Amino acid sequence: MTDPLDPRPEDLKQRVWESIQRDELPPRDDRGRMRVVMNNLVLHLHPSKVAKASLKFTYTWGLGGLALLLVMLLSLTGVMLMFVYTPSPDTAYQDMLSLQTEIRFGQFIRNVHHWSGNLLVIVAFLHMLRVFFTGGFRTPREFNWILGLSLLLLVIAANFTGYLLPWDQLAYWAVTVGSSLLSFVPLIGEGLRNFLLGGPEVSAATLTNFYGLHVAIIPLTLMGVISFHIWRVRKDGLSIPHRLDGSIDGATGHQIEKVTTLPHLVSRELAFALVMTGAILLWSVWVDAPLETAANPDHSPNPAKAAWYFMGLQELLLHFHPVFGAIVIPLLGLGMLAFLPYQRFDLSAEGVWFRSQKGRWMAYVGAITGIVGVPLLVLLDEYYLDLPGTFPNLPTAISNGWIPLAALLLMLITYYDGMKRFFKASACETRQSVFVLLVMSFIVLTVIGVAFRGEGMTLMAPWEVQ
Amino acid sequence: MTDRVHVENTVSRRDFLKIAWGAAGALALVEAAGVGLSFFAPRIVEGEFGGGFEAGLVDSFPVGSVTPFTQGRFYLVRMSDGGFLALYRKCTHLGCAVPWNPAEGRFVCPCHASAFERDGTVINPPAPRPLDRFVVTIEDGMVKVDTGKAISRDKTSADDLVYAGGVA
Ligand code: HEM
Ligand code: FES
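Since this is a predicted model, take the numbers as computed values, not measurements.

Right, let's get into the site of ligand 1. Residues and elements named next belong to chain A. Near ligand 1 there are 23 residues, and of these His127, Arg130, Gly148, His229 and Ser239 occur at the shortest range. One nitrogen or oxygen atom from the side chain of His127 is found 2.8 Å from a nitrogen atom belonging to ligand 1. Within the side chain of His229, an N or O atom sits 2.7 Å from a nitrogen atom of ligand 1. Secondary structure elements with two or more residues in the shell around ligand 1: α4 (63-82), α6 (106-133), α7 (142-164) and α10 (204-236). Residue composition of the shell around ligand 1, grouped by class: twelve nonpolar, nine polar and two charged.

And the structure:
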C-alpha cells in the first residue's frame, strides 16, 4: 500500500534504482526519450531533438565524435601509463623497456595511447576541413570555429609534450629541434624557450615540465574547451546539409524534420564508437609504437627530424630564414584561419559541400596547383635559387625572408585575382580555392619532409630514406 | 546649471569604485603572474652545465687544435695565432649537437647540414649566425670557461679571442 504523501514505491530494489536514474527506463514515448537526454549528465550534452538531415553520416563523417572518442581512449590509457612511468632521465627509458618486456599488456596499452594520439591530430585536422567545406563556421557558429582552432593547437601541444616522455633519441632530438623554433620569436623567444625547457637545453628539468603539462595542464584545458565546444554545438544546432540546388539533403523539400536524440543520434554514435574502438585496438595489437635507443645529448642522429605534424614547418624552415619559417608564415596561416568565419559568406552555400558546382571546380584547380606547384618551388629553391648568395649585402632576414615571402604573397594574390575573373566566381568561392591551395601546399610540404628528406636533409627518393 | 558642470568634472562614487575594483583586480593578476613566473623559472644546478669549467693549462692545447668538452658542451678552439675561443656546440639553426669534423677541418651539423669554420663562422646555411661562444678567462696559465651564458653574435670577430699573455 502506498502512502499518499510519499509516492515512492515500497520495493527497495526499485527505490534504489530510481534514486540513481531519475527517469523511467526504457522510456515509453518521445517525451520520455527527450526527458532521459535532458536529465542524464552525459547525454545532456546533446539537445533532446536533432534535425534528421544532420544525422547523415557523410555530412559530418562522425569526425567530431571520433575526436571525442580518441580523447577518452587517451585519458584511459594515459592514466594507466602514469602508474608505470617515472618522469626522470634515469628511469623514463627503462620504464619504456619494461613496458615492452615485463608489464603484461604494457606494449599494447602504450600502442593504443600512441596511435590514438597521432590519429587525433589527423582527425581534428580532417574535422576542421569538413567544417570548412560545408560552411559549418557561419553565423552563429563563428566562435565555435575559434574554440575548434584552440582545440587543434591543444591537441598538437599534447602530442608534442608527450613526444618527449619515452626519452629515446627520437624524443630528445625532435623536442630539441621543435622547441628551437620558439627561440626565433623576436626579443622574447630565447627566454620563452629557456622557460619551457627549464634551461638552455633539453634536460631533466624539461622532462619534469613536459610531464606536468602533458598529464595535467593540457588535458584539463582540453576537456574544458571540449565541453564548451560541444555545448555550443548543442546551442547553435548542427548546420543542415543541403544539395547543390538548395534543397535539404536527406529530406523532401525545405522543411526541417526533427527526430528525438534518443535513439536516433545516440545509437549511431555508439555504433560508430564501437567500430572505431575495435579498429584502433586491432591496429594496436599489430603495430608497435616506435622506440629508439636511449636519449644521448652528445650525439644528434642524422637526419634529426621533428615530429611528423611539424614536418611541414621544418620543410619551410629549410627554405626560409627561421623567423619566417617558424614564426611569420605559421602566424599568418593561423590568423587567416581565425579570421575566416568573420568574412562575408554566401548564405546559399551553408551546408553545401564545396559551396557550389563552380566552387567544386575551383577547389580541384587549387588542389592541383598545390600538388604541382609546391614540389616545383621546392626543387627550384633546392637546386637553382640561392637568394642569400644573390644578395650577399642584404641580411638573410631580407634576402631569405621578406623577398621570398613577398614573392609568394604576390603569386597568391595573382592566383586569387585570376581565378575570380576566369570563373566569374564570388569572393567566397575564390577564398575556398585559395584555402584548398594552401592546405594542399601544407600537406605536400609535410609529405616531402617525411618521405623525401634523408641524411643531411637532402632530397632523395622515399626508398633511399631510412 | 553650475551644478551640472560640476557633476561632469568629477568621478561619481559608483565609477570610482568600479575603477578601484578594476585596478585592484589587475594588480592581483599581475602579482599572480609574477608568482607563477618566478615559481616556474629555470633552476640552475651548480657543477653541471651552466657553471664554470677549468679546461686545462694553456700549453696543453696545441695551436690549431679543437678540443671537445662533453660535460661542458663546448669546444675549446686554439686558433693558429694562439688565441683561445670556447664555442657552444649547439647548432644556431635548431639546436642539434654539432660535431667537429677533423678531416674537413670544420664543424658539420648532422641535422640540416649547416657547416661552420673553426672559429664558428657559417660556411653553409641554414644556420643563421655563427656558433655561440662562452667567456674564456686565463689565470696563471689555466684556461677557464664560464658556461653560464652563451653569447650569441651576428658576426665572428677577432675580439672574441683570448690570449695567454693578456694581449696578442
Ligand atoms: C579535440 C578536438 C575536437 C573535438 C572533440 C570536436 C568535437 C566536435 C563535435 C562532437 C561536433 C559535432 C559535429 C561533428 O561531429 O562534426 C563538432 C562540430 C564543430 N566543430 Fe569541432 N571538435 C574538435 C576540433 C575542432 C576544430 C579543430 C575545429 C575548427 C577549427 C572545430 C570546429 C567545429 C565547428 C564550427 C562545429 C559546428 C559544425 C556545424 O555545425 O556544421 N572543431 N565538434
Ligand atoms: S640544427 Fe644544425 S643545421 Fe639544423
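Text resumes after the structure shown.
Another point: the sheet that holds strand β2 (residues 66-69) of chain B. All names here are of chain B. With respect to topology, six strands assemble into an open sheet ordered β1-β10-β9-β4-β3-β2, the strand pairing being antiparallel. Edge positions in the sheet fall to β1 (52-57) and β2, since each of these pairs with one other strand and no more. Neighbouring strand axes in the sheet, compared pairwise and without regard to direction, differ in orientation by 25 degrees on average. Here strand β9 (residues 133-139) pairs with strand β10 (residues 142-151) via six bridges, running antiparallel. What sits directly across from Val136, in β10, is Val145.

Take the pattern of salt bridges next. All names here are of chain A. Scanning the model with the defined rule gives 17 salt bridges over all chains in all. Note that Asp30 and Arg33 form a salt bridge whose closest N and O atoms lie 2.7 Å from each other. Of this pair, Asp30 and Arg33 both sit in helix α2 (residues 30-39), separated by three residues, roughly a single helical turn. With a shortest N-O distance of 3.3 Å, Arg232 and Asp236 are connected by a salt bridge. A residue pair is termed a helical-turn pair when its members lie 3 or 4 positions apart in one helix, as Arg232 and Asp236 do in helix α10 at four residues. This pair shows no difference in class: Arg232 is buried, exactly as Asp236 is. Among the charged side chains, a network of salt bridges with common partners joins Lys56, Arg243 and Asp249.

Residue and element names in this part refer to chain A. The N-to-C vectors of α2 and helix α11 (residues 261-286) enclose an angle of 55 degrees; their axes lie 9 Å apart at closest approach. Considering the angle they form, α2 stands oblique to α11. Contacts from Arg33, Val36 and Val37 in α2 reach Thr261, Leu262 and Pro263 in α11. Residues of the contact of α2 with α11, tallied by class, amount to four nonpolar, one polar and one charged.

Turning next to the interface of chain B and chain A. Counting residues at the interface gives 22 residues for chain B, matched by 30 residues for chain A. Taking both partners together, chain B and chain A bury about 2,000 Å²; carbon and sulfur atoms supply 58% of that area. Considering only the surface of chain B that becomes buried against chain A, Leu94, Pro110 and His112 of chain B emerge as the three largest contributors, covering 25% of it. At the boundary of chain B with chain A, the tally comes to two salt bridges.

Residue and element names in this part refer to chain A. Inspection of the secondary structure puts Leu170 in helix α8 (residues 169-180). Taking C-alpha positions, Leu170 is 46 Å from His242, a pair spaced 72 residues apart along the chain. Residues contacting Leu170, with those up to four places away along its chain left out, are Tyr163 and Glu292.

Residues and elements named next belong to chain A. Taken domain by domain, chain A comprises domain 1 (1-39), domain 2 (51-301) and domain 3 (316-466). For domain 1 versus domain 2, the distance between C-alpha centres works out to 38 Å. The interface is formed by six residues belonging to domain 1 together with four residues belonging to domain 2. Buried area between domain 1 and domain 2, summed over both chains or domains, comes out near 370 Å², and the portion from carbon and sulfur atoms is 83%. The interface formed by domain 1 and domain 2 holds zero salt bridges in total. At the surface where domain 1 touches domain 2, the tally comes to zero residue pairs in polar contact (both at pLDDT 80 or more). Each residue belonging to the side of domain 1 that touches domain 2 can be placed in one class, and the counts come to four nonpolar, no polar and two charged.

Ordered in space as β5-β6-β7-β8 (chain B), the four strands form an open sheet in which the pairing is antiparallel. Each end of this open sheet is capped by a strand with a single partner; those strands are β5 (100-101) and β8 (122-124) of chain B.

Another point: the coordination of the iron atom of ligand 1. All names here are of chain A. Looking at the metal site, the iron atom of ligand 1 is ligated by His127 (NE2) and His229 (NE2), spaced 2.0 to 2.1 Å from it. Every donor counted, the six donor atoms about the iron atom of ligand 1 form angles of 85 to 179 degrees at the centre, which fits octahedral coordination. Remark: His229 occurs in helix α10 and His127 occurs in helix α6; sequence separation between them is 102 residues.

It is worth spelling out the packing of helix α12 (residues 311-319) of chain A against helix α17 (residues 427-451) of chain A at this point. Residue and element names in this part refer to chain A. One can describe the packing of α12 onto α17 by two numbers: an axis separation of 7 Å at closest approach and a directional angle of 85 degrees. One way to sum up the angle between α12 and α17 is to call them roughly perpendicular. For the pair α12 and α17, the contacting residues are Met311, Gly312, Leu313, Glu315 and Leu316 in the first and Phe442, Leu445, Thr446, Ile448, Gly449 and Val450 in the second. Across the contact of α12 with α17, the residue classes tally to seven nonpolar, three polar and one charged.

What counts, and at which threshold
- Position numbers for residues count from 1 along each chain, tracking the sequence in the order it is written.
- The order in which chains are written sets their letters, starting at A; the order in which ligands are written sets their numbers, starting at 1.
- Selection of residues for local features in this predicted model requires a pLDDT of at least 70, selection of side-chain atom pairs for listing and counting requires 80 or more, and totals for whole chains, interfaces and linings are taken over all residues.
- In computing side-chain properties, one takes all heavy atoms of the structure into account and sets aside hydrogens as well as water.
- Throughout this document, a residue counts as near a molecule or strand when at least one of its heavy atoms sits within 4 Å of that molecule or strand.
- Here a polar contact means two N or O atoms within 3.5 Å. Within protein one must be a hydrogen donor candidate and the other an acceptor candidate, and residues neighboring in sequence count only if both atoms are side-chain atoms.
- Secondary structure elements follow DSSP: runs of H or I of four or more residues count as helices, runs of E of two or more count as strands, with numbering from the N terminus.
- Residue polarity is assigned by list, with Asp, Glu, Lys and Arg as charged and Ala, Val, Leu, Ile, Met, Phe, Trp, Tyr, Cys and Pro as nonpolar; anything else, Gly included, falls into the polar class.
- DSSP bridges decide pairing: two strands pair if at least two such bridges lie between them.
- Axes here mean lines fitted to C-alpha atoms, for a helix over just the part in contact, with angles spanning 0 to 180 degrees between N-to-C directions.
- Salt bridges are counted wherever a side-chain nitrogen of Lys or Arg sits within 4 Å of a carboxyl oxygen of Asp or Glu.
- Think of it in three bands: with a 1.4 Å probe and only protein chains considered, a residue is buried below 20% of the maximum accessible area for its type, exposed above 50%, and partly exposed in between.
- Comment on the angle field: the value is read as roughly parallel under 35 degrees, roughly antiparallel over 145, roughly perpendicular from 65 to 115, and oblique elsewhere.
- Contacts are assigned to residue pairs with any non-hydrogen atoms lying within 4.5 Å of each other.
- Here the quantity called buried area is the total loss of accessible area, with a 1.4 Å probe, experienced by two parts when brought into contact, counted for both.
- Here the bounds of each domain stem from an automatic or database domain assignment.
- Keep in mind that water is not among the atoms, so a site may look incomplete; donors are the N, O and S atoms within 2.8 Å of the metal, or 3.2 Å for Na, K and Ca.
- Only four donors with every angle between 85 and 135 degrees are called tetrahedral; only four or six donors with opposite donors over 155 degrees apart and all others between 65 and 115 are called square planar or octahedral, in that order; all others are irregular.

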